[in-house]
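Observations on chain architecture
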Amino acid sequence: AAGVIQSPRHLIKEKRETATLKCYPIPRHDTVYWYQQGPGQDPQFLISFYEKMQSDKGSIPDRFSAQQFSDYHSELNMSSLELGDSALYFCASSGRTVRGANVLTFGAGSRLTVL
Amino acid sequence: GQQVMQIPQYQHVQEGEDFTTYCNSSTTLSNIQWYKQRPGGHPVFLIQLVKSGEVKKQKRLTFQFGEAKKNSSLHITATQTTDVGTYFCAYAQGGSEKLVFGKGTKLTVNP
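Model, not experiment: these values are computed from the prediction.

1. Remarks on the pattern of salt bridges
Scanning the entire structure with this criterion turns up six salt bridges over all chains. K103(B) is the salt-bridge partner of D42(A), the closest N and O atoms lying 3.4 Å from each other. Taken together, the residues D42(A) in the loop between β4 (31-37) and β5 (44-50) and K103(B) in the loop between β10 (99-101) and β11 (105-110) connect one chain to another. Using a relative accessible area of 4% as the deciding quantity, one classes D42(A) as buried.

2. Brief notes about the state of the cysteines
Scanning all chains against the criterion turns up two disulfides over all chains. Bridging C23(A) to C91(A), the disulfide has an S-S length of 1.8 Å. Sign of the S-S torsion, about -60° for the bond between C23(A) and C91(A), identifies this disulfide as left-handed. In this pair, C23(A) is assigned in strand β3 (residues 19-24) and C91(A) in strand β9 (residues 87-94), connecting sequence segments 68 residues apart. The exposure class assigned to C23(A) is buried, which follows from its relative accessible area of 0%. Note on C91(A): relative accessible area 0%, which makes it buried. Disulfide partner of C23(B): C89(B), at an S-S distance of 1.9 Å. Since a negative S-S torsion denotes a left-handed disulfide, the C23(B)-C89(B) link at about 60° is right-handed. Here C23(B), found in strand β3 (residues 19-25), pairs with C89(B), found in strand β9 (residues 85-92); they are 66 residues apart in sequence, far enough to count as distant. Given a relative accessible area of 0%, C23(B) falls into the buried group. Note on C89(B): relative accessible area 0%, which makes it buried.

3. Observations regarding the interface of chain A and chain B
Taken together, the contact pairs 24 residues of chain A with 20 residues of chain B. Both sides of the chain A and chain B interface together cover about 1,700 Å² of buried area, and 55% of this is carbon and sulfur. For the pair chain A and chain B, the interface holds one salt bridge. Seen at the junction of chain A and chain B, the total is eight residue pairs in polar contact (both at pLDDT 80 or more). Breaking the side of chain A that touches chain B down by element, the ones donating at least two residues are β4, β5 and β6 (53-57) of chain A. Ranked by residue count, the leading element in the side of chain A that touches chain B is β4(A), at four residues. Of the residues that constitute the side of chain A that touches chain B, the class distribution is eleven nonpolar, nine polar and four charged.

4. Digging into the packing of aromatic side chains
Summed over all chains, the structure comprises eleven aromatic pairs over all chains. Considering the side-chain rings of F19(B) and Y87(B), the 5.8 Å spacing of their centres and the 45° angle between planes classify their relative orientation as tilted. With F19(B) in strand β3 and Y87(B) in strand β9, the pair connects residues that are 68 residues apart, well separated along the chain. Each member of the pair, F19(B) as well as Y87(B), carries the same accessibility label: buried. Clustering of aromatic rings is evident, with ring pairs tying together Y35(A), F45(A), F90(A), F106(A), Y35(B), F45(B), F88(B) and F101(B).

5. Focus: the side chain of Q37(A)
For Q37(A), the location among the structural elements is in strand β4. Q37(A) sits in the buried class, given a relative accessible area of 6%. Within the structure, Q37(A) has its side chain in polar contact with the side chain of Q37(B) (distance 2.9 Å). Sequence-distant contacts of Q37(A), that is, excluding residues within four places in its chain, are made with D42(A), P43(A), A87(A), L88(A), F90(A), Q37(B) and F88(B).

Each value, and the rule that gives it
- Residues numbered from 1 in each chain as written.
- Chains lettered and ligands numbered in written order.
- Predicted model: local features only at pLDDT ≥ 70, side-chain atom pairs only at ≥ 80, totals over all residues.
- Heavy atoms only, no water.
- Salt bridge = Lys/Arg side-chain N within 4 Å of Asp/Glu carboxyl O.
- Helix = DSSP H or I, 4+ residues; strand = E, 2+ residues; numbered from the N terminus.
- Buried < 20%, exposed > 50% of the residue type's maximum accessible area, 1.4 Å probe, protein only.
- Disulfide = S-S within 2.5 Å.
- Contact = heavy atoms within 4.5 Å.
- Buried area = accessible area lost by both parts, 1.4 Å probe.
- Polar contact = N/O pair within 3.5 Å; in protein donor to acceptor, adjacent residues only side chain to side chain.
- Nonpolar A, V, L, I, M, F, W, Y, C, P; charged D, E, K, R; others polar.
- Phe/Tyr/Trp six-rings, centres within 6.5 Å; stacked < 30°, edge-to-face > 60°.

What follows is the structure, encoded as structure tokens:
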């Protein structure tokens, strides 16, 4: 079965540079989420999109932006990178759940290292 | 705001021993989910509980949702080395797409 595809898997950038992460959700999933996970930390919600419209926003820095395109893939753009942005970035997707909250299927993650 | 506390933060067991992690909220939860993240891996959905007092089993894993819907637990019977990883509880705040994760319990198993 198709999973959530993220690219690149690893990314090394210098401070103040820009990075773009891509996510291809599971086909027919209508919601995409971005999470940031620091070492030994829990995943922190950044932003979500439902049917290509931003649906919720978490602790996403102003230097970050995201969008979902007509083909449902999503991109997370990070500018003016700081050392503290080094983390694992997960994309997840979900379809509608009949009862309870949406169930998330996570991609393998993109590991960003800022030097 | 609504918060969940997950305990313990770490748990080390001998293979064959049981393991339990708890997720406690200060307010009523409408639902709770459990995810497992293997070392170097990504979170993988295990179960969702929505009803008061609900108990669900998956082989050696037993999940419970408290009667007051303020706490939940995950119990593993007779741990195996394949159970190693971090177990997160997570919940969605009312009407939100946002799934909030607990701090997780990191389980290590000594063979």
